[in-house]
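Architecture at a glance
Given next are the chains, with one letter for each unit.
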Amino acid sequence: MRRSRWAIVVSGAAFTAVLFLGAAAGLAWALLPPLDPAPYLRAVASGQLLDRGGKTLYVALNREGNWSLPGAADDFSPYLRQATIAAEDQRFHAHPGVDPIAVLRAAWQNIRQGGVASGASTLTMQLVKLEGLDSRRPAGKLAQAVYALRLEKAAEKDAILDAYLNRAPYGMNLIGADAAAWRYFGKRAQTLNLPEAALLAGLPRAPSRLNPLAHPERARERRDYVLRRMHAEGFIDATQRDQALAAPVNAAWRDFPRHAPHLAVPLAAPLAAGERVTLTLDQALQARLETLLPHYLKRFNGSISNGALLVVDVETGDLLARVGSAGFFATPGGGQVDSCLAPRSPGSTLKPFLFGWAMERQLLYPSEVLLDEVLDYGGYNPGNFDGLFNGPVTATEALRYSLNVPSVALLGRSGVAGFHDWLGKAGMTTLHRTPEEYGLGLVLGNCEARLEELARLYLSIASLGERNELRLTGAEPPQPAIFSPEVCRMLYAMLAQPFPEELSPGLTRTGGNALPVCWKTGTSTGYHDAWTFAFNRHYLVAVWLGNNSGATARQLIGARAALPLASRIFRELPPKNGPAWPAPEASDKEVAMCALSGLPATEGCPETARWRLPASFWRSRVCALHPVSRLGIAARAERPAGPASWDLATLAARPTGEVAATPIRALGITVPANGAEFLLTGVDGGDQVRLQSTLGESEAVHWYVDDRYLGASGPDAPIFWALTSGAHRVTCVAHDGRTASARFTVARPGNT
């Protein structure tokens, strides 16, 4: 009887205490002013790179050195929200920030245990605690309760729950449920299943002691407790509870997304500020190519250890994939080096721009015949990659098969200085030497270029001059086109050919209905770099392979190393609607070309072939092989002796308003004459020779003796060289790249 009365007294006292505490909490909530909720609801976010569809490419540590991926209500699994309430604050939606029932229960348990056996912190109080309010002392606990009441007055319940899920500690340096879901399960918190959500919900109580990677059994015990609480609170039924209790703890260390790490370097500032930066990349394609590149390099057994890749949507200029190295942490010589921006020798990849530049200036026709034979510029004797010569070839054949001799000869007649200046204006930032220092080897890649800058130039061709900027964030300003649409269409026709694997040994296409494509390879002198650019109206693929150390490898040949990778990437890209090839213009005109010279035919040309040319391409250069006499008799002119002087055209009258090109004067050295002999006199100031060329001093000419640069002669600026005994070679270079050399000897008296 006494026990019954005592129970009634205790129950009544407890009920009275609950009513009192509840009334006190309600009164405090009514009287206390609200506070600014922003500091309590805001999480310090990790910066992220997002792809074009909002998928995560890269996650950075936040400014506090933690992983934190705050989200909104829809970013959390419903199971996670229910599990968190069941584990931490069952009456979350009923109390005003302080739970009187929980306070009384905790007090009673602590009295019975003679110490702290239970807490009464609500989710709101725990959130307030994260802002630094100390709750280890009664005064701090009271302040925490007051601030929780004020926060509840200023913010909605769902906002408070979301903030807790974004800011609670989940072990190690994981802040917020989404970061924990990434690390432990490799997924977003939105997609957590029931046992995964219950495990995460139990961690904030003791993140280190319950860490599922270090203490999986403790984590499982806590998870199972949360599952039972969810069932007790009616969030799940018994079947769901039992199935989840039987599930294994599948937590494991999983890396955060680290795709396109080279782009995180220039974007370090916004990432450090917690910004979400959206890029044009495609996450699936980026991930696939980051895996493909190191796998592809294994075939070279370590002789080629690095590479870089770009994939561009030609219509928009959007970068769809950008791989800066074979491995950010696993590339010999440093994978952190962004090889998309590293200066490398471009080999023959500059040739299309020389041919396009010459056609833009109307100094070349695609059908024009060039000569591929031995080329001798004194000390400079370029040859073809295979060591063979092909004789007369069309400009299209010379470019398509990347013949060196016709390309060098074309640069010689078109002008090194002009091409050098044009490349700089087109966007190449790596030409730090003078045109004279590069000389005719410029078109063969005796310079440096960046993969990204060359891709921009190829994009301009691929887009028919519509695009000359690679878009990564969508904020890139447009750049002027490098060529007219007409020249781009001609380059399409000159570079068009199937990928080698799409041809059988019998030269029959085996690629099925593969869309047409253009491609150009490049191999640097000495086998240091291999390049390929492949494009049509849909996509552009750019590939560089090499070594960070600059080490050579016989496999570093564009057509053998880079081209197979580029073709595989290109053919695996998703098909697009719309034409993949530029359509001919209705204004194009068929022109009769001499069958021997490939130039617009004259009345004396015995055989002709029809070529379609843009209407804007004036036939100002015509065949000079078949002049017609005043009597109307056709004759045959002598062909030039070699590639250096090869030009089968003569200037014809242009339509009214067109300015004819200035004839190019032949360059030669008049003093000292080739084979000349000089005798030293010993007279002060007498043993020197004035260097002179056929250009006189009307044009600037640069002089070299025994490959040492002397200086330039020009109007009112003669140049002299002090004679020294021995055999010597003098070379002069005109402003347009033409070169002439002569050999002579100097002897002392008595030594003749």
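Residues numbered from 1 in each chain as written. Predicted model: local features only at pLDDT ≥ 70, side-chain atom pairs only at ≥ 80, totals over all residues. Heavy atoms only, no water.

Of regular secondary structure, the chain possesses 22 helices and 24 strands. Burial statistics for the chain: of 752 residues in total, 50% are counted as buried. Within the chain, contacts between residues at least 6 apart in sequence are counted, and of these 66% link residues at least 24 apart. (Helix = DSSP H or I, 4+ residues; strand = E, 2+ residues; numbered from the N terminus. Buried < 20%, exposed > 50% of the residue type's maximum accessible area, 1.4 Å probe, protein only. Contact = heavy atoms within 4.5 Å.)

Read across the sheet, 5 strands follow the order E7-E6-E12-E11-E10 without closing on themselves; strand pairing throughout is antiparallel. Looking at strand neighbours, the two that pair on one side only are strand E7 (318–323) and strand E10 (518–523), the edges of this open sheet. Taking the axes of each pair of neighbouring strands and ignoring which way they run, one obtains an average angle of 10° across the sheet. Here E10 runs beside strand E11 (residues 529–535); their pairing, made up of 6 bridges, is antiparallel. When the sheet's bridge partners are listed, Lys 520 is paired in E11 with Phe 533. (Pairing = 2+ DSSP bridges. Axes fitted to C-alpha atoms, helices over the stretch in contact; angles between N-to-C directions.)

In terms of nonpolar packing, the biggest core is built from 93 residues, with Leu 49, Phe 353 and Phe 483 touching the most fellow members. Judged by nonpolar contacts, the second largest core, of 57 residues, contains Leu 80, Ala 180, Trp 182 and Leu 203. (Core = buried A, V, L, I, M, F, W, Y, C linked by side-chain atoms within 4.5 Å.)

Once that is clear, we can look at the pattern of salt bridges. Think of it this way: side chains of opposite charge can pair up when their charged atoms draw near. Within this structure, the stated rule accounts for 30 salt bridges. Here Arg 322 and Asp 338 are joined by a salt bridge, their closest N and O atoms 2.8 Å apart. Pair noted here: Arg 322 is in strand E7 and Asp 338 is in the loop between E7 and helix H15 (351–360), with a separation of 16 residues, a long-range link. We classify Asp 338 as buried; its relative accessible area is 15%. One salt bridge in this structure joins Arg 568 and Glu 572, with 3.4 Å as the shortest N-O distance. Of this pair, Arg 568 and Glu 572 are both found in helix H22 (residues 558–572), 4 residues apart, which corresponds to roughly one turn of the helix. Using a relative accessible area of 39% as the deciding quantity, one classes Arg 568 as partly exposed. The network of salt bridges with common partners includes Glu 368, Arg 413, Arg 621 and Asp 647. (Salt bridge = Lys/Arg side-chain N within 4 Å of Asp/Glu carboxyl O.)

Under the defined criterion, the tally for this structure stands at 18 aromatic pairs. On the numbers, 5.7 Å between centres and 70° between planes, the contact of Tyr 296 with Phe 300 is edge-to-face. When the ring centre of Trp 253 is taken as origin, the NZ or CZ atom of Arg 183, which lies over that ring, is 3.8 Å away. When the ring centre of Tyr 539 is taken as origin, the NZ or CZ atom of Lys 576, which lies over that ring, is 5.4 Å away. (Phe/Tyr/Trp six-rings, centres within 6.5 Å; stacked < 30°, edge-to-face > 60°. Lys NZ or Arg CZ within 6 Å of the ring centre and 35° of its normal.)

Let's shift gears to a nonpolar patch on the surface. A cluster of nonpolar side chains, contributed by Met 172, Leu 213 and Trp 253, occupies part of the molecular surface with about 310 Å² of accessible area. Checked against the element boundaries, Met 172 lands in the loop between helix H7 (157–167) and strand E4 (174–175). Residue classification places Met 172 among the partly exposed residues on the basis of a relative accessible area of 45%. (Patch = residues over 30% accessible without salt bridge, like charges linked within 9 Å, V, L, I, M, F, W, Y side chains within 5 Å. Areas by Shrake-Rupley, 256 points an atom, 1.4 Å probe, with all protein chains shown as cover.)

A few words now on unusual backbone geometry. Going from Val 671 to Pro 672, the amide bond is cis rather than trans, its omega being -5°. Tracing the backbone shows Pro 672 in the loop between strand E17 (669–671) and strand E18 (677–679). Unlike most non-glycine residues, Asn 301 shows phi in positive territory, near 50°. Looking at the secondary structure, you find Asn 301 in the loop between helix H14 (283–297) and strand E6 (306–313). The phi dihedral of Leu 464 is positive, around 60°, even though this residue is not glycine.

What follows covers the sheet that holds strand E1 (residues 48–50). Taken together, the 3 strands give an open sheet; going across it, the order is E2-E1-E5, and neighbouring strands pair in mixed fashion. Each edge of the open sheet is held by one strand with a lone partner, namely strand E2 (56–59) and strand E5 (276–278). Averaged over all pairs of adjacent strands, the angle between their axes in this sheet comes to 20°, without regard to strand direction. Pairing between E1 and E5: 3 bridges, direction parallel. Among the inter-strand pairings, Leu 50 is bridged to a residue of E5, identified as Thr 278.

This next bit is on the packing of helix H20 (residues 451–462) against helix H21 (residues 485–495). Across the interface, H20 lies against H21 with an axial gap of 8 Å and an inter-helix angle of 100°. In terms of their interaxial angle, H20 and H21 are classed as roughly perpendicular. Facing Ser 460, Ile 461 and Ala 462 of H20, the residues of H21 in contact are Cys 488, Leu 491 and Tyr 492. Of the residues assigned to the contact of H20 with H21, the class counts are 5 nonpolar, 1 polar and no charged. (Parallel < 35°, antiparallel > 145°, perpendicular 65-115°, else oblique. Nonpolar A, V, L, I, M, F, W, Y, C, P; charged D, E, K, R; others polar.)

Now for the environment of Ala 177. Along the chain, the position of Ala 177 falls in helix H8 (residues 177–185). Filtering out sequence-adjacent residues up to four positions away, Ala 177 remains in contact with Phe 76, Leu 80, Leu 165, Tyr 170, Ala 189 and Leu 200.

Attention shifts here to the confidence of the model for the chain. Low pLDDT means the predicted atomic positions in that stretch should not be read closely. Summing up the model confidence of the chain, the mean pLDDT is 87 and the portion of residues at 70 or higher is 86%. Every residue in residues 6–15 scores below 50 in pLDDT, and together they form 1 contact with partners more than four places removed in sequence or on other chains. Under a pLDDT of 50 for its full length, residues 506–511 has, in the predicted model, 11 contacts with residues more than four places off or in other chains. (pLDDT = per-residue confidence, 0-100.)

With respect to the helices, strands and loops of the structure, Leu 213 is situated in the loop between helix H9 (194–202) and helix H10 (216–232). As a C-alpha pair, Leu 213 and Ala 251 span 38 residues in sequence and 6.7 Å in three-dimensional space. Ignoring sequence-local partners within four residues, the contact set of Leu 213 consists of Met 172, Tyr 184, Ala 251, Ala 252 and Trp 253.

In this model helix H6 (residues 138–154) runs 25 Å from its N-terminal to its C-terminal C-alpha over 17 residues, within 8% of the 24 Å that 1.5 Å per residue would give. Within the sequence span of H6, burial applies to Gly 140, Gln 144, Ala 145, Ala 148, Leu 149, Arg 150, Leu 151 and Glu 152. (Expected span 1.5 Å × (residues − 1).)

Another point: the environment of Ser 208. Within the secondary structure layout, Ser 208 lies in the loop between H9 and H10. The exposure class assigned to Ser 208 is exposed, which follows from its relative accessible area of 59%. The spatial distance from the C-alpha of Ser 208 to the C-alpha of Gly 171 is 5.5 Å, given a sequence separation of 37 residues.

With that settled, consider H22. Note on helix geometry: an α-helix contains 3.6 residues per turn, so any two residues three or four positions apart are oriented the same way. If you check H22, its first and last C-alpha atoms are 20 Å apart, about what 15 residues at 1.5 Å a residue would give, namely 21 Å. In the structure, H22 departs most strongly from a straight axis at Pro 564, where the bend amounts to approximately 25°. Buried within H22 we find Gly 558, Ala 561, Ala 562, Leu 563, Leu 565, Ala 566, Ser 567, Ile 569 and Phe 570. For H22, the secondary structure elements touched by its buried residues are H14, E6, E10, E11 and strand E12 (539–546). (Bend = angle between axes of the 7 residues up to and from the residue.)

Among the 9 residues that make up strand E23 (residues 726–734), 7 are buried, leaving the element largely enclosed by the rest of the structure. One ladder, built from 5 bridges, connects strand E20 (residues 701–705) with E23; its direction is antiparallel. Residue pairing in the sheet places Val 705 in a bridge with Val 730 of E23. Direction of pairing for E23 relative to strand E24 (residues 739–747): antiparallel, over a ladder of 8 bridges. If you follow Val 730 over to E24, its bridge partner there is Ala 742.

A few words now on the side chain of Asp 372. With respect to the helices, strands and loops of the structure, Asp 372 is situated in strand E8 (residues 369–372). Buried within the structure, Asp 372 lacks any salt-bridge partner; Lys 351 is the closest side chain of opposite charge, at an N-O distance of 9.2 Å. A polar contact is formed between the side chain of Asp 372 and the side chain of Asn 384, at a distance of 2.9 Å. In contact with Asp 372, other than residues within four places in its own chain, are Asn 384, Leu 388, Phe 389, Asn 390, Gly 391, Val 393, Leu 403, Val 405 and Pro 406. (Lys, Arg positive; Asp, Glu negative; His and termini not counted. Polar contact = N/O pair within 3.5 Å; in protein donor to acceptor, adjacent residues only side chain to side chain.)

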